[in-house]
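What follows is each chain in one-letter form.
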Amino acid sequence: MTEATGIVGEFLSLKEGTDADLLAMQCGDFYEFFAEDAEIVADELDLKVSQKSSHGSSYPMAGVPVDDLTPYVSALVERGYRVAIADQHETEDGHAREITRVVTPGTHLETGDESAQYLAAVVREAGRDGGDTYGIAATDVTTGQFQVTQLDDADAGEALTELYTFAPAEILPGPELRNDDEFLNRLRERTDAALTLHDSASFEPGRASHTVREQFGGEAVDSVGVGEQGVALRAAGAVLSYVEDTGVGTLAAVTRLQAYGERDHVDLDATTQRNLELTETMQGDSSGSLFDTIDHTVTAAGGRLLQRWLQRPRRNRAELERRQSCVAALSEAAMARERVRETLSDAYDLERLAARATSGSADARDLRAVRETLSLLGRVADAVTETERLAESPLADALAGADREAADTLAAELDSALVADPPGTVRQGGLFKRGYDDDLDEIIGEHEAALEWLETLPDREKERTGITHLSVDRNKTDGYYIQVGKSETDTVPEEYRHVKTLKNSKRYTTPELDEKERDVLRLEERRHDMEYERFQALRERVAERATLLQDVGRTLAELDAVASLAVHAVENDWTRPAVVEGNELSIEAGRHPVVEQTTEFVPNDLYMGDDRQFLIVTGPNMSGKSTYMRQAALITLLAQAGSFVPARSATVGTVDGIFTRVGALDELAQGRSTFMVEMQELSNILHSATEESLVILDEVGRGTATFDGISIAWAATEYIVNAIQSKTLFATHYHELTALGEELPTVENVHVAVDGEPRSAGSDGDVTFLRTVRDGPTDRSYGVHVADLAGVPEPVVDRSQEVLDRLRDDKAIEIRGSEGDDGGTTQAVFDLESGQFRGGNAGSAGAQVATDGNPEHATGESEAESATDEAAASLDPETEAVLSELTELDVNETPPVELMAKVQEWQAELDEE
């Protein structure tokens, strides 16, 4: 293949010098893609592909106008591509192009999504005693937020949970994690983030420390305690280096280094956030989630903050009480609340505007939006100070955190500079008001006078020449011209010089018009250049005040978030919870915050404390057990987000984590069945929960054989009660577990009450689910009744009830459709202890046959039993060794996770044989 030259050669050369997936290179008024890039872009964005010849070869080419690049790049980045941008600039020899920035999922400023957009890095250092140390840094380049943390003596699951809470768009794994396929695969499973391998040198302690100190200052780094050689510092340095290398230009907006400890927030792993449907339902919809239900914010920044409060609840009681006091004040001052919200509804996203200003991408409309939003601070402050209830609340202190005087000064400067409705481009003039700059005013005056001469020229020429069909216009090809209709072209003056003939008219120019055109173009160029220079200077002054913009933006966002919580509390009769230390969780007339929106909800009480830490919840399917447990978790979460809660009253002891195990779906693509997923979730809880946690178990062991399931559920209960001692609600259909409530001092039984009797053989039954939770275990199972409610055919329901009744009474069951020795049906008794049928000529090992309807008449040992005895007598040594280990194992003293691991080990050994 012949080597490309010219524009294509320049494109390929630039592409070779970047690790981006795609390159957009400016060529005049277009950004062009060539070769393979053109085909990819055309396929992704439905662009037309043409061909560009170069040195005897033809290359695919696709392009977009310069002014339309942003939406196309956004679409590509959302699909996971890294897009390099090569801009064109003038030189003495003509045009030159160089890559000015690389747009990646984590550094994309032009996102249309109002949610936070984090770029994160994660670093691991191996510990000497088994536990590793993880450092995590995350920044939202669209707002300038920058957070770091260090997880000591942690495992991969804890690091993944921490990353999940940020929902990063892009993750930079440290050098130690790049070859850890298991960790990277779990990252891909739990997040939608793009994984990028950034320069390893940026993670080195010395270089990272220098980068972080250059950005934030030595004192800031020392004050947050991330450590000179700490892994958190390494992650932070890599993030800053990556943002710098991509050329996004937002580092000036990253002014605060916020470090947080693992005890600052409540642990909410990915499974729990999904099970509690915090930001999206189990079906993946945002509608119907907790956030969607309580979100009444009127600003994008307020919505982001409220969502962050839900996904990262706090443990600091002072902070929670401060938020609650703000919500209480706004709840009680309805008119002032609505005044504040109405004012905030005019606010733009100041945090993102600050980032755009520092990156040099803000236009005049952005700066005008900064002016409009800064001016709202004073109006909001007046609404608070003029209302006694609000003035006495922490809202006044929150407003004091933003410099109102500085905000008013900058707003006034922007207002005096920019016209009320500036154009969307910053290079075509029309940005500034008269009186802002004397030199600029002079040029604008001359330019507008020249334009006025041109605008009045048609009227003057019509009057002078008597031509009625005459107009003056301009285009890129002909410049300014006089257009005359064909019927009057014979009467044009001699000084009219013919330029072009059209179907119904002709175009002309004159020496005077040519001279005025030169004047206009000269003045226009000077004006545009001068306005652009003035605008750049103004934008830089705004960028220098990025911290002010961020302070005001965060203040307004917090007011919006607490006002949203107040609106929901008032409209739904929520109450302020008492947040306390200790294990108490006391809820009077609690409700599920989402379910109560769509149904007439039956409130329930809940009490847990030092003497009542583990509740076994029993009752029929569909009776409300899951809702009852979830509402306990959500009330706890809302209280630790600083919100009011759906209850008549509530006392919530702070927790360090909320862990849930609810129904699981098969994940066959990852080779994991329902039961495997269930056991992995249980394993995570048993390893992660502490005595300060809240655990929600909605069925354990249902995905395997009955006795295996009961054993696992029983052992897990004992382990949580004796070893972990966390507050736990455990819903189960294994009634055998209710016996633990009589034997273990901190375990209690509760059940969802039912009115009436279930159907039985010969009785239709009449059952009503009361959805009221009462102390004590349930008295029976209602599965057959639920099958009836679900529309299972009546013959199946009737037969199910008949089989159930005979099983309970240990009576023989006819196996319908089988062939007995006399041509009749076979009867068998199901032995609950062995899990096998006794009786039946085709049953499992150990079956005894009776075809005359009386199982007691069956005699003799079956062939299967004999075969089993013979097999036992000829076991190989490896199998005998497994049986010996099993005999010696103390199940009661073995944690369930270790027990499962041992079983898997035995299975592997037997499979090898």
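Cut-offs used in this document
Residues numbered from 1 in each chain as written. Predicted model: local features only at pLDDT ≥ 70, side-chain atom pairs only at ≥ 80, totals over all residues. Heavy atoms only, no water. Helix = DSSP H or I, 4+ residues; strand = E, 2+ residues; numbered from the N terminus. Buried < 20%, exposed > 50% of the residue type's maximum accessible area, 1.4 Å probe, protein only. Contact = heavy atoms within 4.5 Å. Expected span 1.5 Å × (residues − 1). Bend = angle between axes of the 7 residues up to and from the residue. Phe/Tyr/Trp six-rings, centres within 6.5 Å; stacked < 30°, edge-to-face > 60°. Lys NZ or Arg CZ within 6 Å of the ring centre and 35° of its normal. pLDDT = per-residue confidence, 0-100. Core = buried A, V, L, I, M, F, W, Y, C linked by side-chain atoms within 4.5 Å. Pairing = 2+ DSSP bridges. Axes fitted to C-alpha atoms, helices over the stretch in contact; angles between N-to-C directions. Parallel < 35°, antiparallel > 145°, perpendicular 65-115°, else oblique. Left-handed = near helix turned anticlockwise from the far one by under 90°.

**Some words on the overall build of the chain**
A tally of helices and strands in the chain yields 30 helices and 29 strands. Looking at the chain residue by residue over its 913 residues, the buried ones come to 50%. Partitioning the contacts of the chain with sequence separation of at least 6, the portion at a separation of at least 24 is 65%.

**Observations concerning helix 19 (residues 438-465)**
Over its 28 residues, helix 19 extends 40 Å from the first C-alpha to the last, a length consistent with the 40 Å expected when each residue adds 1.5 Å. At leucine 457, helix 19 shows its maximal bend, which comes to roughly 40 degrees, and the proline proline 458 appears one to four places after that position. For helix 19, the set of buried residues is Leu440, Asp441, Ile443, Ile444, His447, Ala450, Trp453, Leu454, Leu457, Pro458 and Glu461. At its buried positions, helix 19 is contacted by strand 13 (470-475), strand 14 (479-485) and helix 20 (511-544).

**Regarding the packing of aromatic side chains**
Scanning all chains against the criterion turns up 8 aromatic pairs. For the pair tyrosine 134 and phenylalanine 183, a centre-to-centre distance of 6.3 Å together with 20 degrees between the ring planes defines the contact as stacked. One end of the pair, tyrosine 134, is in strand 8 (residues 132-140); the other, phenylalanine 183, is in helix 5 (residues 181-190), with 49 residues separating them in the sequence. Taking the relative accessible area as the measure of exposure, tyrosine 134 reaches 1% and is therefore buried. The lysine or arginine in question, arginine 312, covers the ring of phenylalanine 166, its NZ or CZ lying 4.8 Å from the ring centre. In this arrangement the basic side chain of arginine 507 is found over the ring face of tyrosine 481, its NZ or CZ atom lying 4.2 Å from the centre.

**Brief notes about helix 11 (residues 300-311)**
Taking 1.5 Å of rise per residue, the 12 residues of helix 11 would be expected to cover 16 Å, and the 17 Å separating its terminal C-alpha atoms lies within 8% of that figure. In terms of burial, helix 11 is a largely internal element, 11 of the 12 residues being buried. All buried positions along helix 11 are accounted for by Ala300, Ala301, Gly302, Gly303, Arg304, Leu305, Leu306, Gln307, Trp309, Leu310 and Gln311.

**Side note on the confidence of the model for the chain**
When the pLDDT values of the chain are averaged, the result is 84; 81% of them are 70 or greater. Residue range residues 665-671 is modelled with pLDDT below 50. Its contacts to residues more than four positions away, or to other chains, number 8 contacts. Every residue in residues 840-869 scores below 50 in pLDDT, and together they form 43 contacts with partners more than four places removed in sequence or on other chains.

**Structural notes on the nonpolar core**
Burial of nonpolar side chains together is a common tendency in soluble globular proteins. The biggest cluster of nonpolar side chains holds 105 residues, and the ones touching the most others in it are Leu290, Leu374, Val552, Leu606, Ile658 and Leu729. At 13 residues, helix 21 (residues 546-572) tops the list of elements feeding residues into this core. Excluding residues that lie within four positions of it along the chain, leucine 729 makes contacts with Leu606, Met608, Leu615, Tyr628, Met629, Ala632, Leu694, Val695, Ile696 and Leu697. By size, the runner-up hydrophobic cluster in this structure holds 29 residues, among which are Ala137, Val148, Phe216 and Ala355.

**Concerning the sheet that holds strand 8**
Pairing in this open sheet of 6 strands is mixed, and the strands run 11-10-7-8-9-12 from one edge to the other. At either margin of the open sheet sits one strand with a lone partner, and together these are strand 11 (194-195) and strand 12 (258-259). Sheet topology places strand 7 (residues 118-125) next to strand 10 (residues 170-173); 4 bridges connect them, and they run parallel. Looking at strand 10, one finds that valine 122 is bridged to proline 173.

**Some details on unusual backbone geometry**
A positive phi angle, near 60 degrees, is found at aspartate 46, a position not held by glycine. Backbone geometry at aspartate 153 places phi at a positive 50 degrees, although glycine is not the residue there. Here aspartate 153 is to be found in strand 9 (residues 145-154).

**Re the sheet that holds strand 19 (residues 604-608)**
Taken in spatial order, the 4 strands of this open sheet run 17-21-18-19, and their pairing is mixed. Lying at the two open borders of the sheet, with one neighbouring strand each, are strand 17 (578-580) and strand 19. Each strand of the sheet is rotated relative to its neighbour by a mean of 15 degrees, with strand direction disregarded. Looking at chain direction, strand 18 (residues 585-590) and strand 21 (residues 649-653) are connected through 4 bridges and run antiparallel. Bridge pairing in strand 21 links serine 586 to threonine 651.

**Re the packing of helix 14 (residues 350-359) against helix 21**
Put simply, helix 14 and helix 21 touch, their axes get as near as 8 Å, and they point 165 degrees apart. Judged on the interaxial angle alone, helix 21 and helix 14 are roughly antiparallel. Where helix 14 crosses over helix 21, the handedness of that crossing is left-handed. Along its contact with helix 14, which presents Leu350, Glu351, Ala354 and Thr358, the element helix 21 presents Ala546, Leu549, Gln550, Val552, Gly553 and Arg554.

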